[in-house]
Amino acid sequence: MRVWLFSIGAAIAGAGAAVLLLAPQPAAAPARPIAPQPPPESAIPAGPDGDAIRRGLAIITDTRTAVPQHSGNALRCSNCHLDAGRRAGAAPLWAAYGNFPVWRAKNGMINSFEQRVQDCFVYSINGKPPPLGGEVLVAVSAYAAWLARGQTIGTSPPGRGFPTIAAPALAPDDGRGQAAYARHCAACHGADGQGLIDGATVVNPPLWGPRSYNWGAGMATVDKAAAFIRANMPLGQGGTLSVQDAWDIAWFIDGHARPQDPRFTGDVAATRARHHNQTWSRYGTRVGGETLGNDKPGAGA
């Protein structure tokens, strides 16, 4: 009898195991997509093509020196497009190039890649846009196209733009932002936000004030700045800040005066209504008793 009962129990256990084996198992988490690797600088070819690519690289990494006629502040393109436009999650050029032409709500039209770069000069560099088809934009396009070689046109590869940041648990706050900025940012960008200057060399860029990006730049929108900060700052330690700290720091940075939006209509309230009517723009709001956006137009170089 004991043997018979044992046999039945073993059979039931075996059947149960078979059912478990046959039952649908939870799907494994999908592997995180791997961002493409652009070619190294050492692979830039010789000859005229290589000359144009190297010229574009110089414009990206040393903007003020390479194209002073188009630069209006102390920033260079690679302050946002990190590692000379190569770094995934920091608006890499190789991920953007193949997605143009594309509609942009900012100016309500289909933009070519050159037109998009013009906007970077106008807003982030606070300067004058290089002419379409001119030497400057052709060189930048040559460099971006070289970085993007081998990629599929019209796709959005992993690493494009900035990684999505979660919503903050608490509404961003200037007091917390100032404290977090002092802990994590001031050593590189200065307690006054005016960057780190070594003689005539801008080592780290100013984050507000007359030599920084203007109110029309993407970084002047808190959600974009928070996403960039969370993914990439402090430099070389991206992803180490908490989500809340990233939002608070972005809120604090974008709560300071900076050069006027080039689209300024002559009235701050009207300019906000037309170009900044969103939660994460502080343009036209009151901070410390002052209305942001009352800054004088013009370059801050």
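Undergrad: Got a minute to help me understand the layout of surface pockets in this structure?
TA: A probe as big as a water molecule, rolled over the atoms, marks out the empty space that is left. Reported here for the largest pocket is a volume of approximately 1200 Å³. Lining the largest pocket are 47 residues, and of these R104, R116, F162, G218 and K224 lie nearest its centre. Of all the secondary-structure elements, those providing two or more residues to the lining of the largest pocket are α2 (47-61), α5 (93-97), β1 (102-104), α6 (113-124) and α10 (222-232). When residues of the lining of the largest pocket are assigned to their parent elements, the largest contribution, eight residues, is made by α6. Looking at the lining of the largest pocket, its residues break down into 28 nonpolar, ten polar and nine charged. Volume-wise, the second largest pocket comes out at about 590 Å³. In terms of lining, the second largest pocket is formed by 29 residues, of which the most central are N79, H189, P205, F228 and M233. Going through the elements one at a time, α4 (82-85), α9 (186-189), β4 (201-204), α10 and α11 (243-253) are the ones with two or more residues in the lining of the second largest pocket.

Undergrad: Would you mind going over the packing of aromatic side chains with me for this structure?
TA: In this description, an aromatic ring pair is defined by two values, namely the gap between the centres and the angle between the planes. Applying the stated criterion to the full structure yields ten aromatic pairs. Ring centres 5.6 Å apart and planes at 85° place the aromatic pair W208 and F252 in the edge-to-face group. Of this pair, W208 sits in the loop between β4 and α10 while F252 is found in helix α11, placing the two residues 44 residues apart along the sequence. When its relative accessible area of 8% is taken as the criterion, W208 is described as buried. Residue classification places F252 among the buried residues on the basis of a relative accessible area of 9%. These aromatic residues form a ring-pair network of at least three members: Y97, F100 and F113. It is K106 that lies over the ring of Y123; its NZ or CZ is 4.0 Å from the centre. Seen from the ring of W215, R258 lies directly overhead, with NZ or CZ sitting 5.6 Å from the centre.

Thresholds applied
Residue numbers here run from 1 along each chain, matching the order of that chain's written sequence. Only residues with pLDDT of 70 or above have their local features reported here, since the model is predicted, and side-chain atom pairs are shown and tallied only from 80 upward, although totals for entire chains, interfaces and linings are computed over all residues. Side-chain descriptors were evaluated using all non-hydrogen atoms of the structure, hydrogens and water having been removed beforehand. A pocket, in this scheme, is an open set of points on a 1 Å grid over the protein atoms alone with protein on both sides within 12 Å along at least 5 of 7 lines, while a cavity is a set where a 1.4 Å probe fits but cannot get out; residues line either one if an atom lies within 4 Å of a point. Grid points are joined across faces, edges and corners, and a volume is the space filled by probe spheres set on the points. For helices the rule is a DSSP run of H or I covering at least 4 residues; for strands it is a run of E covering at least 2, with both sets numbered from the N terminus onward. The residue classification treats Ala, Val, Leu, Ile, Met, Phe, Trp, Tyr, Cys and Pro as nonpolar and Asp, Glu, Lys and Arg as charged. All others, Gly included, are polar. In this scheme Phe, Tyr and Trp rings, the latter by its six-membered ring, pair at centre separations within 6.5 Å, and the angle between planes marks the pair as stacked below 30 degrees, edge-to-face above 60, and tilted otherwise. Summary of the burial criterion: residues with accessible area below 20% of their type's maximum are buried, those above 50% are exposed, and those between are partly exposed, where the area comes from a 1.4 Å probe applied to protein chains only. Whether a charge lies above a ring is judged from NZ of Lys or CZ of Arg, which has to be within 6 Å of the ring centre and within 35 degrees of the ring normal.

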